[in-house]
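One-letter residues, chain by chain:
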Amino acid sequence: MSKEMILMLHPTFGVLAMIAAVWVFVEALNANDGNIFRLRQVSVLAAVLLWLAYIVGGYWYVVYYGGDKALIKAGPWPFAHGFVMETKEHLFLTLLLLGTFLPIAAYGDVVRKKVTRKLVLWTSALVVLMGLAMEGAGAIVGMGVKVALLTKLV
Amino acid sequence: MTTHQTDMTDIASAKVTGYGLSYAITSILSALLVVLKESNESILQLMVSLTGHHWVTHGLLSVLLFVVLGAILSRRNIGVSGNTLIASVVGSTIVSGLIIAGFFIV
């Protein structure tokens, strides 16, 4: 598999994880005995997808990112690494833990305990919001590489 | 739709509470570790020497702490209200985000 494909899998898994988290949120709004099984299954799916995004993105970051990092730092958008990528790579660990906690909360008594349902709602909403931030940050890092390469061409 | 009675008691199960608090503690400690390793070269090098990359070590430590702390806290009957638990989860996410972003923006 090419390194570009590996890189593209990272946001793909991330977007799918966000969709799964939105699904959990919607199921939790009206959690009942009829949808609790589905809610729990999708919460596990969200966590698995986040872990896949972490493993694939982490592999690419550790093995291949060095070249892009050097380009970005020498280009017109050094903040794309110095602030955006540094924040993204570390905040992702928080998102990973939050995503891991989501099915744990979902396997609580979501149907009968109002507080557990609220916790699942908050957790899934935060996974979505942080996921969006990660996607946006990834776009800025990619643009940092692009403007650095364009500067070399002209 | 199956009918059910809502339990209005403001306390989540021991497992949910334990792992929720574990998440809150771990996310803050993980953010503080970012500041520590980026400010202290010897700690950064120590983390590099453990796995070959500081970020990999950081991730492993965070996951390990979350799991161990969660397992320990789940076995204790912690009298934390549900709203406090939710505030801890949401608050720690915001604070850890601010610590990390704040550190790299300056």
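Structure's up top.
Residues numbered from 1 in each chain as written. Chains lettered and ligands numbered in written order. Predicted model: local features only at pLDDT ≥ 70, side-chain atom pairs only at ≥ 80, totals over all residues.

Enquirer: Quick rundown of the overall build of chain A? Include the residues and the values.
Expert: From N to C terminus, chain A includes four helices and zero strands. Written out in order from the N terminus, the α and β elements of chain A read α-α-α-α. Taking the principal axes of its C-alpha atoms as reference, chain A extends roughly 60 × 30 × 20 Å. Going through the 154 residues of chain A one by one, you find that 49% of them count as buried. When contacts within chain A are restricted to residue pairs at least 6 apart in sequence, those whose partners lie at least 24 apart make up 81%. (Helix = DSSP H or I, 4+ residues; strand = E, 2+ residues; numbered from the N terminus. Buried ≥ 20, exposed ≤ 12 C-beta atoms within 10 Å, placed from the backbone. Contact = placed C-beta atoms within 7 Å.)

Enquirer: Go over the interface of chain B and chain A with me, naming the residues and quoting the values.
Expert: Interface size is often expressed as the accessible area that is lost when the parts come together. Listed per partner, the contact involves 39 residues of chain B and 33 residues of chain A. Contributing elements (two or more residues each) for the side of chain B that touches chain A: helix 1 (14–39), helix 3 (54–74) and helix 4 (82–105) of chain B. Considering each element in turn, the side of chain B that touches chain A owes the most residues, 12 residues, to helix 4 of chain B. Class assignment of the residues belonging to the side of chain B that touches chain A gives a composition of 19 nonpolar, 17 polar and three charged. (Nonpolar A, V, L, I, M, F, W, Y, C, P; charged D, E, K, R; others polar.)

Enquirer: I'd love a proper account of the packing of helix 3 (residues 79–106) of chain A against helix 3 of chain B, names of residues and values included.
Expert: Helix 3 of chain B packs onto helix 3 of chain A with a crossing angle of 25° between their chain directions and a minimal axis gap of 10 Å. Judged on the interaxial angle alone, helix 3 of chain B and helix 3 of chain A are roughly parallel. Note on packing geometry: the crossing formed by helix 3 of chain A with helix 3 of chain B is right-handed. Contacts between helix 3 of chain A and helix 3 of chain B involve Glu-89, Leu-93, Leu-97 and Thr-100 of chain A from the former and Trp-55, His-58, Gly-59, Ser-62 and Phe-66 of chain B from the latter. In terms of residue class, the contact of helix 3 of chain A with helix 3 of chain B is made up of four nonpolar, four polar and one charged. (Axes fitted to C-alpha atoms, helices over the stretch in contact; angles between N-to-C directions. Parallel < 35°, antiparallel > 145°, perpendicular 65-115°, else oblique. Left-handed = near helix turned anticlockwise from the far one by under 90°.)

In short, the description is geometric, and any link to function would need to be established separately.
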